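Read off the chains here:
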Amino acid sequence: MKTQRQLFERKSKPIAFKLFLLALIFFPLQSILSQSVVEKNGRLRVSGNQVVNKDNQPISLAGNSIFWSNFGEGAKFYNAATVNHLAQDWNSSIVRAAMGVENPGGYITNPTREKNKVKAVVEAAIANNIYVIIDWHSHNAENYQQQAITFFTEMAELYGNNDHVIYEVYNEPIAQSWPTIKSYSEAVIDAIRSKDPDNLIIVGTSQWSQKVEEASNNPISKSNIAYTLHFYAGTHRQYLRDEAIRAMNNGIALFVTEWGAVEATGDGAADKQETQKWLDFMKSNNISHANWSVSDKAEGASVVTSGTGVSGLTSNNLTATGIYIKDIIKNWGGDITNPPVEECTGNGVSINTIIQAEDFCSQKGIQTEATTDTGGGMNVGYIDNGDYIRYRVNIPANGNYEIKYRVASIVNTAKLQFKEGASVVKTTSIPLTGGWQTWDTITTTTNLTAGLKTIELYALSGKFNINWFQISPVDSNPDPNPPTGGNDCKYGTPSSTSLPTLENSSYTNAHVIGTGGPDLSNLTNFTINWNSPNNGLYQLSINTNNGNPNWWNDLLSNATHNFNSAMPGVSLSGTGFTNLDGEYWVTKDGDNFVMVSKNKEFTIYFSNSNATPNCSSRTKNNAIKAEGNIQLKLYPVPTSETLNISGLTEKVMVIITDIRGKVVLKTSADYKTDTVDVSALIHGNYFVEIKGKETYKSMRFIKNKE
């Protein structure tokens, strides 16, 4: 075979020069197009409830988990030949090294042998520029905590500088409690972080890594942590997807480090219909996954024909399941790319008037039905996860708009996204209203750009009906008396009450008002996860668009707060942001989070609007009335059916949480309708937050058995 140089030498000089110029153009382009998945996406991290890449974009990887390293059917595949073939022939973007811990012959009795198997896989993955999970494959990891610390410390020291590496500290707990799992995991995480401060860590969850909602109610307060979800399509169905949705709605990121198309026993034929539902679920929710398993064991989950080993894999001597799984992985693609949205045609409906939900131009999955809401007519119902309705609208000008939705829901976990094309503009939680035809109007605000466009109302989490919605411009008249000099934007701080709950609240804009504040122009996302009843601050972080000081900045470890007391505030130190360190009063302004410097002349206003907040109307300390001055009472307490609220003078939101801080009921009340139906709650202790424009009070009640 002739070399490229020999070929060039046979050409005339003019032709050679032309080829040289073409090479200058082609090879850089080829380099861009042939970027590996790791080169393109870099070090993975958690942002909110998503695993994202270096550009803060959600990513969904697809690949393989090798069988237990300490069993013969798996041990033979712990080598470069396996990883090379998966990366190059299957297009696998991730491989999982499932190192067996216990007997027979696991790490506990053969540490060097099993560790070397993992190293072979990790180094081959790095050479192929794909991601690799180092998995402590045990059902009883807490019994080997010190050995896990030793192992992961060494792995982090060896490979922590590589973007490719992900640590999975506990494969599948079975009946262990979440506090037991959490305590073990925190110890191992600390060991990893002593050597590797920022690679992704995945933590197993109870009941074979399925009880992810339990973990989401009491997450680990450390940076860059995702949680394991395992499923087998022949056994696990919609109920487990619903569990995953609740966990993500509570703010944690999930990673499917093991899944099968067969039954949970590992055997049987592939359930392709149910597998497709899981694939759609993972794709739409940006969840990465590794299929179980690369093995030649004689069982349904194995992808290689029994007894054929690595040569069976590399020669594509695959099982029926293996052929099916290879097609899934090979055609998955690393990034989530939203398909183009089919645009509606026409001049569009005018805003400011009510848009009936049934007047859509296209839809998926919904049905219309007669409504008993005021005015009668039809509503859109039968809304499940992933359903949508689209409309053609004409937005007259750039600016802030108020969106009202007329909704009814039987759950408190429903979420609706307002989208322009494939872009999410605003996500809104829909409260439990108490019935399919029990209606409430909820309001949110967002920034919209002018133009004729197709909008989509997308059910991120379903089980709700919608009757109508309305888009109206927010009054944008300039303040006739703008503040002059200093910082008059105090937003009623210091507040006489504690900071209300901010459940996994994310903001894309930081408005620094006044003088002497930090430059946060590189901020892409600020997230706070504060649970008042549980006195838990679980996340406080900033993402940037330029890595300065870091791409993802954990402020939690730099913060001291007293959010759960009167005059709530926070002190920041060592954040890395110029002029951000200092002491602040904190408060909420609508859905927005505000930090007011205690000793400098600036306020930081976190919101999802590009518009600078108009704050002069708030300079007269329009604080919520002190909780002690609000004459509200709950009765009867204890109760088994209804809870009455006396003393209301305005419309309020009523939020009931259990003793773990989980929201179990949301509804509205006023002086005319002051009764809340709590009959559906199980017996126990609950907290109730009553929040209005001038009202805030937190109380406790007991729900009796009926």
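Because the structure is a prediction, the values reported are computed rather than measured.

> I would appreciate a short explanation of the sheet that holds strand β26 (residues 536-544) in the present structure.
Backbone hydrogen bonds are what pair the strands of a sheet, in a parallel or an antiparallel way. Taken in spatial order, the four strands of this open sheet run β23-β25-β26-β27, and their pairing is antiparallel. Strand pairing shows two members of the sheet lacking a second neighbour, β23 (502-507) and β27 (552-554), which therefore form its edges. Here the average twist between neighbouring strands, direction ignored, is 15°. Summarising the sheet, strand β25 (residues 523-531) and β26 pair through eight bridges and their orientation is antiparallel. What sits directly across from Phe-526, in β26, is Ile-542.

> Would you mind showing me how to read the pairing of strand β30 (residues 582-589) here?
A regular strand places its side chains so that they alternate between the two faces of the sheet. Pairing analysis gives four bridges linking strand β29 (residues 569-572) to β30, with the strands arranged antiparallel. Within β30, the position partnered with Gly-569 by the bridge is Trp-585. Across six bridges, the pairing between β30 and strand β31 (residues 592-597) is antiparallel. From the neighbouring strand, Thr-587 faces β31, where its bridge partner is Val-594. Between β30 and β31, which follow one another and run antiparallel, lie two residues, and Gly-590 among them has a positive phi close to 65°.

> Explain helix α11 (residues 238-249) to me, please; I cannot follow it from the model alone.
Since the α-helix packs 3.6 residues into each turn, any two residues three or four apart lie on the same face. Spanning twelve residues, α11 covers 16 Å between terminal C-alpha atoms, matching the ideal 16 Å at 1.5 Å per step. Among the residues of α11, Leu-240, Arg-241, Glu-243, Ala-244, Ile-245, Ala-247 and Met-248 are the ones counted as buried. Where α11 ends, the next residue or the one after it, Gly-251, has phi of about 110°, a positive value.

> In this structure, what is going on with the state of the cysteines? I would like to understand it.
Covalent bonding between the sulfur atoms of two cysteines is what defines a disulfide. The tally for this structure, following the rule as stated, stands at one disulfide. Disulfide partner of Cys-344: Cys-361, at an S-S distance of 1.7 Å. Where Cys-344 bonds to Cys-361 through sulfur, the torsion about that S-S bond is close to 65°, and the disulfide is right-handed. Of this pair, Cys-344 sits in the loop between α14 (320-330) and β11 (349-350) while Cys-361 sits in the loop between β12 (355-356) and β13 (362-364); the two residues are 17 residues apart in sequence, bridging distant segments of the chain.

> Looking at this structure, I do not really get the packing of helix α6 (residues 111-127) against helix α7 (residues 145-159). What am I missing?
Pairs of packed helices are described in terms of their axes, by the angle between the two and the distance that separates them. Viewed as axis vectors pointing N to C, α6 and α7 meet at an angle of 30°, and their least axial separation amounts to 12 Å. With respect to their mutual orientation, α6 and α7 come out roughly parallel. Note that α6 runs across α7; the crossing there is right-handed. Of the residues in α7, those in contact with Lys-115, Val-118, Lys-119, Val-122, Glu-123 and Ile-126 of α6 are Phe-151, Glu-154, Met-155, Leu-158 and Tyr-159.

> Would you explain the environment of Arg-700 in this entry?
Tracing the backbone shows Arg-700 in strand β39 (residues 696-703). Separated by twelve residues in sequence, Arg-700 and Val-688 place their C-alpha atoms 6.0 Å apart. The contacts of Arg-700, once residues within four sequence positions are left out, are Leu-634, Asn-685, Tyr-686 and Phe-687.

> What is the right way to read the nonpolar core from this model?
Side chains that are nonpolar tend, in soluble globular proteins, to be buried together. By size, the foremost hydrophobic cluster in this structure holds 102 residues, and its most contacted members are Ile-134, Trp-136 and Phe-152. Among all residues touching Phe-152, those that are not within four sequence positions of it are Ile-134, Trp-136, Tyr-167, Glu-168, Val-169, Val-188 and Ile-192. Residues Ile-355, Ile-403, Ile-442 and Ile-466 belong to the second largest nonpolar core, which totals 28 residues.

> Quick question: what am I supposed to make of the sheet that holds strand β5 (residues 131-137) here?
Reading around the barrel, the eight strands line up as β3-β4-β5-β6-β7-β8-β9-β10 and close back on themselves, with parallel pairing between neighbours. Between one strand axis and the next, the sheet turns through 30° on average, direction left out of account.

> Sorry, what's going on with the confidence of the model for the protein here?
Fine structural detail should not be taken from predicted coordinates in areas where pLDDT scores are low. Per-chain confidence: the protein averages 84 in pLDDT, with 87% of residues scoring 70 or above. Per-residue pLDDT stays below 50 along residues 1-33; that stretch engages in ten contacts with residues further than four places along the chain or on separate chains. Within the model, pLDDT remains below 50 along residues 476-486, and this stretch shows nine contacts once partners closer than five positions in the same chain are excluded.

> Explain the pattern of salt bridges here, please?
Should their charged atoms come close, side chains of opposite charge can pair. Per the counting criterion, the structure on display carries 25 salt bridges. The partner of Glu-114 in a salt bridge is Arg-113, with the nearest N and O atoms 2.9 Å apart. With relative accessibility at 0%, the residue Glu-114 sits in the buried group. For Arg-113, a relative accessible area of 41% gives the class partly exposed. Two residues, Lys-115 and Glu-154, come together in a salt bridge whose shortest N-O distance is 2.9 Å. On the criterion of sequence distance, the pair formed by Lys-115 in helix α6 and Glu-154 in helix α7 is long-range, its members being 39 residues apart. Here the salt bridges share partners, and the residues they tie into one network are Arg-237, Arg-241, Asp-271, Glu-274 and Lys-277.

> Explanation requested: the layout of surface pockets in the structure shown.
Using a probe with the size of a water molecule, rolled over the atoms, empty space left in the structure can be pinpointed. As a volume, the second largest pocket reaches approximately 500 Å³. Lining the second largest pocket are 22 residues, with Pro-197, Asp-198, Asn-550, Trp-552 and Asn-553 positioned closest to its centre. Elements supplying a minimum of two residues to the lining of the second largest pocket: α8 (178-193) and β27. Here the lining of the second largest pocket is composed, by residue class, of six nonpolar, eight polar and eight charged. Each of domain 1 (37-331) and domain 3 (502-607) contributes no fewer than three residues to the lining of the second largest pocket.

Parameters at a glance
- Residues numbered from 1 in each chain as written.
- Predicted model: local features only at pLDDT ≥ 70, side-chain atom pairs only at ≥ 80, totals over all residues.
- Heavy atoms only, no water.
- Pairing = 2+ DSSP bridges.
- Helix = DSSP H or I, 4+ residues; strand = E, 2+ residues; numbered from the N terminus.
- Axes fitted to C-alpha atoms, helices over the stretch in contact; angles between N-to-C directions.
- Expected span 1.5 Å × (residues − 1).
- Buried < 20%, exposed > 50% of the residue type's maximum accessible area, 1.4 Å probe, protein only.
- Disulfide = S-S within 2.5 Å.
- Parallel < 35°, antiparallel > 145°, perpendicular 65-115°, else oblique.
- Left-handed = near helix turned anticlockwise from the far one by under 90°.
- Contact = heavy atoms within 4.5 Å.
- Core = buried A, V, L, I, M, F, W, Y, C linked by side-chain atoms within 4.5 Å.
- pLDDT = per-residue confidence, 0-100.
- Salt bridge = Lys/Arg side-chain N within 4 Å of Asp/Glu carboxyl O.
- 1 Å grid on protein atoms, 1.4 Å probe; cavity = no way out; pocket = protein on both sides within 12 Å on 5 of 7 lines; lining within 4 Å.
- Points joined across faces, edges and corners; volume = space filled by probe spheres on them.
- Nonpolar A, V, L, I, M, F, W, Y, C, P; charged D, E, K, R; others polar.
- Domains from an automatic or database assignment.

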